[in-house]
Amino acid sequence: MANWLSIDDLQDITADLPRFTEAFTTLASRLGLDIAPLAADHISLRCHQNATAERWRRGFEQCGELLSENIINGRPICLFKLHEPVCVAHWRFEVVELPWPGEKRYPHEGWEHIEIVLPGEPESLNARALALLSDDGLSQPGIFVKTSSPKGERERLPNPTLAVTDGSVTIKFHPWTIEQIVASEE
């Protein structure tokens, strides 16, 4: 199986990784978020066109296994487990989330967010996530916080999300790993 970095269909996201890594670490620093002790679960892409999503899918099929394909919030989302990880900061991501375009248009096609797992009661996720972020960081212009509860058709676990973004990259917090969510669908 090939390394994702060498797949022709994935060269645009290979080239985009340094930009994302720098933007992500800058956002974490602005928020006063110490990422060192945190468990990050997976990394996600964003694209504008179905053709891009389909090309990326073809690429990931050459260097990983399809873990899940589900309709979430009205659009397909595929999860791939890669044979070689995507490295950002100290994390090594084996799971990549590939969503097809939805209603929202993103400013950039490429890497968009990292999901951090904060195990514990789903009801206390927001408080636990916000406690990791500085008040000064959260009150800066251009920083936005959003809560949601995305749900796949067959998911059995409540999966609230707290997302913090600067409009370029996003840090998301969940109470479960994506593999726990996929297992709940069985």
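Residues numbered from 1 in each chain as written. Predicted model: local features only at pLDDT ≥ 70, side-chain atom pairs only at ≥ 80, totals over all residues. Heavy atoms only, no water.

### Focus: the confidence of the model for the protein chain
As a reminder of what qualifies: Scored between 0 and 100, pLDDT is the confidence that the predictor attaches to each residue. Under the DSSP-based scheme used, a helix requires at least four consecutive residues in state H or I and a strand at least two consecutive residues in state E, with every element numbered from the N terminus.
Per-residue confidence for the protein chain gives a mean pLDDT of 91; residues scoring 70 or more make up 95%. When pLDDT is averaged over each helix and strand of the protein chain, the minimum, 81, is found for helix 5 (residues 178–184) and the maximum, 97, for helix 1 (residues 11–30).

### A few points about helix 1
Spelled out, the test is: By this rule, a helix spans an expected 1.5 Å times one less than how many residues it contains. For a residue, the bend is simply the angle between two axes, fitted respectively to the seven-residue segment ending there and the seven-residue segment starting there. Only protein chains enter the accessibility calculation, which uses a 1.4 Å probe. A residue is then buried if its area is under 20% of the maximum for its type, exposed if over 50%, and partly exposed in between.
Here helix 1 spans 30 Å end to end across 20 residues, near enough to the 28 Å set by a 1.5 Å rise per residue. At Leu17, helix 1 shows its maximal bend, which comes to roughly 35°, and the proline Pro18 appears one to four places after that position. Buried within helix 1 we find Ile13, Thr14, Asp16, Leu17, Phe20, Ala23, Phe24, Leu27 and Ala28. Trailing helix 1 by a residue or two, Gly32 shows a phi angle of about 70°, which is positive.

### Looking at the state of the cysteines
Rules: When two cysteine sulfur atoms are found within 2.5 Å, that pair is recorded as a disulfide.
Throughout the structure, instances matching the rule amount to 0 disulfides. Unpaired in this structure, Cys47 has its nearest cysteine sulfur neighbour in Cys78, at a distance of 11 Å. With relative accessibility at 4%, the residue Cys47 sits in the buried group. This cysteine, Cys87, is not joined by any disulfide, and Cys63 carries the nearest cysteine sulfur, 13 Å off. Here Cys87 falls in the partly exposed class, since its relative accessible area comes to 36%.

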